[in-house]
Amino acid sequence: MKATTGSSTNACVKTAGAEAAKKVKSGLEQMKMAFVYASCDYDLDDMLAGIADELPVIGNTSFTGVITPEGFIGGDDG
């Protein structure tokens, strides 16, 4: 398995998404999946629109918890 990262601090959220996606695309020839994380200050719809210009997008969130090999972790103690 190979991995790479892409990031951007562009003030334009859509451009930031596209910039980060372009960096990822240039790092791997046959990318199968991307995990995307963002600041809560970003408008996620705009960010995802920028990413979608470069890569296919499947939505996900860890807002209320995450699924791990050990099971679901969430809530106040998660």
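All residue numbers refer to positions counted from 1 along the written sequence of the respective chain. It should be noted that, the model being predicted, local features are given only for residues of pLDDT at least 70 and side-chain atom pairs only at 80 or more, the latter also being counted only at that level, while totals for whole chains, interfaces and linings use all residues. To obtain the side-chain values, all non-hydrogen atoms of the structure were included, while hydrogens and water were left out.

Draft legend 1. Structural detail: the overall build of the protein. Strands here are runs of E lasting at least two residues and helices are runs of H or I lasting at least four, both read from the DSSP assignment and numbered beginning at the N terminus. Counting its secondary structure elements, the protein contains two helices and two strands. In sequence order, the protein lays out its α and β elements as α-α-β-β. Buried residues are those whose accessible area, probed at 1.4 Å on protein chains only, stays under 20% of the maximum for their type, while exposed residues exceed 50% and partly exposed ones sit between those limits. Considering the protein as a whole, with its 78 residues, one finds that 18% of them fall into the buried category. For the protein, the proportion of contacts with a sequence separation of at least 24, taken over those separated by at least 6, is 49%. What makes two residues a contact is simply this: any of their non-hydrogen atoms within 4.5 Å.

Draft legend 2. Main features of the nonpolar core. Counting five residues, the largest nonpolar core is built from Val13, Ala21, Met47, Ile51 and Leu55. Secondary-structure elements contributing two or more residues to this core are helix 1 (13-27) and helix 2 (44-52). For the purposes of this section, nonpolar cores are sets of buried Ala, Val, Leu, Ile, Met, Phe, Trp, Tyr and Cys residues that join through side-chain atoms within 4.5 Å.

Draft legend 3. Region of the structure containing the environment of Ala20. In this structure, Ala20 sits in helix 1. Taking the relative accessible area as the measure of exposure, Ala20 reaches 16% and is therefore buried. Between the C-alpha atoms of Ala20 and Ser7, which are 13 residues apart in sequence, the distance is 4.4 Å. Each residue touching Ala20, except ones within four places of it in the same chain, is listed here: Gly6, Ser7 and Ser8.

Draft legend 4. Examining the pattern of salt bridges more closely. Salt bridges are counted wherever a side-chain nitrogen of Lys or Arg sits within 4 Å of a carboxyl oxygen of Asp or Glu. Taken as a whole and assessed by the stated rule, the structure comprises one salt bridge. As a salt-bridge pair, Asp53 and Lys14 come within 3.7 Å of each other at their nearest N and O atoms. Pair noted here: Asp53 is in the loop between helix 2 and strand 1 (65-68) and Lys14 is in helix 1, with a separation of 39 residues, a long-range link.

Draft legend 5. The arrangement of helix 2 in detail. Turning to helix 2, its buried residues are Met47, Gly50 and Ile51. On an axial view of helix 2, the arc spanned by its buried residues comes to 100°, and they lie on one face. Directions from the helix axis toward the C-beta atoms define the arc.

Draft legend 6. Fine view of the confidence of the model for the protein. On average, residues of the protein carry a pLDDT of 78, and 76% of them reach 70 or more. Confidence scores here are pLDDT values: one per residue, from the predictor, ranging 0 to 100. Mean pLDDT values over the elements of the protein span from 68, in strand 1, up to 88, in helix 2.

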